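Descriptive structure summary
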Amino acid sequence: MNPKRMIDAGQLRFLLALLFFTTIQACNSPQSVSVLNSGDDSFAALQIFNPYGEGLTISPGEETGAIGYQHSGEIRWVKGEPEVSKQQGASSYRWNSGGEIVVLELVEKDKELELTFRLENSEEEPASWFLKTTAAPNEYFTGIFERVVDGPQTKSWEEGMTTGLNLRGEKVEVKLKPTVSAYAPFYISSENYALFVHGTWPGVIDFCKENPDLVQISFEGPEFSFSLMMDENPAELVKRHALETGPSFVPPKWAFGPWRWRDEHVNRTTHFDGSPVHAPYNSDLVEDILMMEAYDIPVTAYWIDRPWGPGVRGFDDYLVDEERLPKFEEMIGWLNAKKVEVMLWIGPFVMGDMADVAEEREYDLVSSEWKNSRQVLMDFTNEEACQWWAENGPAKLAKMGVKGYKLDRADGEKLRDSLHLKTSIGTTYRENFNDYPRQYVKAAYEAIQPVLGDDFILFPRAQYTGSAKYGALWAGDTGNPAEGLRSALIGMQRCAVMGYPIWGSDTGGYPKRMEREATMRWMGFACFSPIMEVGPTNNLGFWGMNYEPSFDQELLAIWRFYSKLRMSLVDYTYHFAQVAHDTGMPVARPLFLEYPDQPESWNDWATYLYGDDLLVSVVWEDGKSSHRLYLPAGETWINLWTNEELEGGTYVEVEAPVHQTPVFLKKGSNLVLPDFNQLYDESVRITSVKYKMSDLEAGEGWVN
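Our subject in this report is the structure included herewith. As the structure is a prediction and not an experimental result, all values here were calculated from the model.

Analysis parameters
Residues numbered from 1 in each chain as written. Predicted model: local features only at pLDDT ≥ 70, side-chain atom pairs only at ≥ 80, totals over all residues. Heavy atoms only, no water. Salt bridge = Lys/Arg side-chain N within 4 Å of Asp/Glu carboxyl O. Helix = DSSP H or I, 4+ residues; strand = E, 2+ residues; numbered from the N terminus. Buried < 20%, exposed > 50% of the residue type's maximum accessible area, 1.4 Å probe, protein only. Arc of directions from axis to C-beta. Contact = heavy atoms within 4.5 Å. Pairing = 2+ DSSP bridges. Axes fitted to C-alpha atoms, helices over the stretch in contact; angles between N-to-C directions. Parallel < 35°, antiparallel > 145°, perpendicular 65-115°, else oblique. Left-handed = near helix turned anticlockwise from the far one by under 90°. Polar contact = N/O pair within 3.5 Å; in protein donor to acceptor, adjacent residues only side chain to side chain. Core = buried A, V, L, I, M, F, W, Y, C linked by side-chain atoms within 4.5 Å. 1 Å grid on protein atoms, 1.4 Å probe; cavity = no way out; pocket = protein on both sides within 12 Å on 5 of 7 lines; lining within 4 Å. Points joined across faces, edges and corners; volume = space filled by probe spheres on them. Nonpolar A, V, L, I, M, F, W, Y, C, P; charged D, E, K, R; others polar.

Quick notes on the pattern of salt bridges
Within the structure shown, the criterion is met by 48 salt bridges. Of the charged contacts in the structure, one is a salt bridge between Arg118 and Glu105, with a shortest N-O distance of 3.4 Å. Separated by 13 residues along the polypeptide, Arg118 in strand E10 (residues 112-120) and Glu105 in strand E9 (residues 100-109) bring together distant segments of the chain. Arg118 sits in the partly exposed class, given a relative accessible area of 23%. A salt bridge links Arg589 to Glu594; the nearest nitrogen and oxygen atoms lie 2.8 Å apart.

Right, dumping it as structure tokens:
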């Protein structure tokens, strides 16, 4: 048996360097492990057969081993032959490494191996562990994080960006960075395996960047434990991981309608058109609601971003600023009467008098000064602190009628990183760093659920393993060029793979200077995202923008069209959110999850499935009027803009002016949607009228 020949032939799956060899005969058959001879000076290596794909191997590099640990500032690579101990379903391997004992505990499960490395007989614990695995020539990797590439988040929407869903050729630090900040130490391979690292310590994964034949993995911590899952196709791997770390949160049905928000809400004396404000509530919010109502633009949730309270950051003591938001609870009642729910921005810190209390009671991880005001970051490992925060913060707001919460920060922007500072339960700040967003959303969930039952949504931007059980996910402060839309499209699908199925992005991107064409295209993408939220759009409505034409009828018509279309998708989207909870299959699905045997499904990352029946392809580049996409084989697809039936298994070129996102319905589906062209023509007609705020306020009975 020639190991090099087997690797070249792609028959191995996992080589850890001393050459164990695990053969899986069938899905439920016992797994056999045998050790191949190696000399005392040979690097250790492990080989594992995968019955569902070609080779994955944990293999030495040219000058280093495959298994290593950092000790006293140096990396020690494991060599020699281990002592082996086996029993039913488990094996233990022990290497003598200069008197220290490297131990591998291997547990066999159905279609899965769980491997744990630790060090014994040592006065010092390892700081990090290292593992190298071979990669097949065209092996495809995805998962790990929402960003397109590592580094400053702006690199993910740089002009000329070529990286797509496939992470081959990229190196990723598995440590949260703001603000695009969904991470999971989990990736899948096109060779029908997945690797999931247990724990929350930071790590780095090099997907064939430094060495084109190796995936190089390193994670900090005294132990290194991971699962190697194998299955018939990538969808089964994604579903298994989602259920193991979830199941995912299912928001109420209203949360699947269109949302509206602005970054800031000013209570003005005159409206955008110069008419005096007579409304008893915040003028910006009233303007949005009445104008959207006039243009028949549906909205089911309205979120108010910070600042909404008193203090220098507009967030003191979870109190409402009555000058900015007068008659707050009455305003909620007014919105509810129009079937609109209210959402608020919150952060994982407290300010005002609450900051004093939190610091005095040692509820804090970090206490810092900001503009002569203290900001105290909560320690959510402290149960007493969580209860106090819940009662005085989110639960108090929930009792006032607030149904949704945008959970900002929690992703390193405020956290301190230290191996010496400890949380209330004794974990170092560094080990706690990645887990903090899960602790935050869990604390918010446990604060609000007793008050509102299941009638609320949490919408954090930071995620790590386990977060999906408690809330949805927003894509952070994504840039607004065409490449920003591109990055959001990739991020949604990466999050679907990682087990975060309820995802949404700021339509048009976050910066206040809006790009019109990208925003038009983003509307279509948002409509076919699990969450559709529109804002901040320069903190203005399309009826009164700060560019010409200030009355932007084209954007108004596109907004109305996709908002109306979204309302016809509420039940459909809610159903597949429940499917995600029950089965682990995400709402928005990369094509390869459904059609893994078709190479084009791995290549066309701009095209995805939305639920079982809809295929969507996003035109993200500026200046395009047509679009090329792949229609998977084995189906007949109906172009919902032309009603043309097309057989799958080929690329097609379709017309795609700025208002047309290419959407195809799988023939045989029971889903009924409005006629796209009729709805768009109706939207153009309805948005051709200019309304006066004085007339709309009079309709509310506010003008004498």
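Concerning helix H5 (residues 353-360)
Listing the buried residues of H5 in full gives Met354, Ala355 and Ala358. One side of H5 carries all its buried residues, which in axial view fall inside an arc of 100 degrees. Structural note: H5 exposes Asp353 and Glu360 on the side pointing more than 90 degrees away from its buried face. Where the residues of H5 are buried, they touch strand E22 (349-351), strand E23 (364-370), strand E24 (373-378) and helix H6 (383-392). Of the residues flanking the end of H5, it is Glu362, one or two places downstream, whose phi is positive at about 60 degrees.

Things to note about the pairing of E9
Of all ten residues in E9, seven are buried, a share of seventy percent or more. The antiparallel hairpin formed by strand E8 (residues 90-97) and E9 contains two residues in its connecting segment, where Gly98 sits at a positive phi of about 65 degrees. Examined bridge by bridge, E9 and E10 share nine bridges and lie antiparallel to one another. Residue Glu105 lies in a different strand from E10, and its bridge partner there is Thr116.

Quick notes on the packing of H6 against helix H9 (residues 436-452)
Put simply, H6 and H9 touch, their axes get as near as 9 Å, and they point 55 degrees apart. Taken together, the axis directions place H6 and H9 in an arrangement best described as oblique. Judged by the twist between their axes, the crossing of H6 over H9 is right-handed. On the side of H6, the interface is formed by Cys386, Trp389 and Ala390, while H9 contributes Tyr440, Ala443, Ala444 and Ala447.

A closer look at the environment of Glu139
Position of Glu139 among the secondary structure elements: in the loop between strand E11 (128-134) and strand E12 (141-145). Classification of Glu139 as buried rests on a relative accessible area of 0%. Between the alpha carbons of Glu139 and Lys109 there is a distance of 25 Å; along the sequence they are 30 residues apart. In this structure the side chain of Glu139 is engaged in a polar contact, spanning 3.1 Å, whose partner is the side chain of Tyr193.

Here's the deal with the nonpolar core
In this structure, Trp308, Trp389, Phe528 and Leu614 are the most contacted members of the largest nonpolar core, which totals 210 residues. Sort the elements by how many residues they give to this core and helix H10 (residues 482-498) lands first, with nine residues. For Phe528, the residues in contact, after removing those within four places along its chain, are Met492, Tyr562, Leu565, Arg566, Leu569, Tyr608, Tyr610, Leu614, Val616 and Val663.

Quick look at the sheet that holds E22
Across the sheet, which stays open at both edges, the three strands sit in the order E22-E24-E23 with antiparallel pairing between neighbours. With one partner strand each, in any of the chains shown, E22 and E23 form the two edges of the open sheet. Going from strand to strand, the sheet's axes swing by 25 degrees on average, the running direction of each strand aside. One ladder, built from three bridges, connects E22 with E24; its direction is antiparallel. Within the sheet, the bridge partner assigned to Val350 lies in E24 and is Val376.

Digging into empty space enclosed by the protein
With the rule as written, the count across this model stands at five cavities of 30 Å³ or more. Lining the largest cavity we find Glu146, Arg147, Val148, Ser156, Trp157, Val180, Ala475, Thr478, Ser487, Ala488, Gly491 and Trp503. Here the residues of the lining of the largest cavity sort into six nonpolar, four polar and two charged. Put simply, the second largest cavity is a space of about 50 Å³. Residue composition of the lining of the second largest cavity, by class: eight nonpolar, three polar and no charged.

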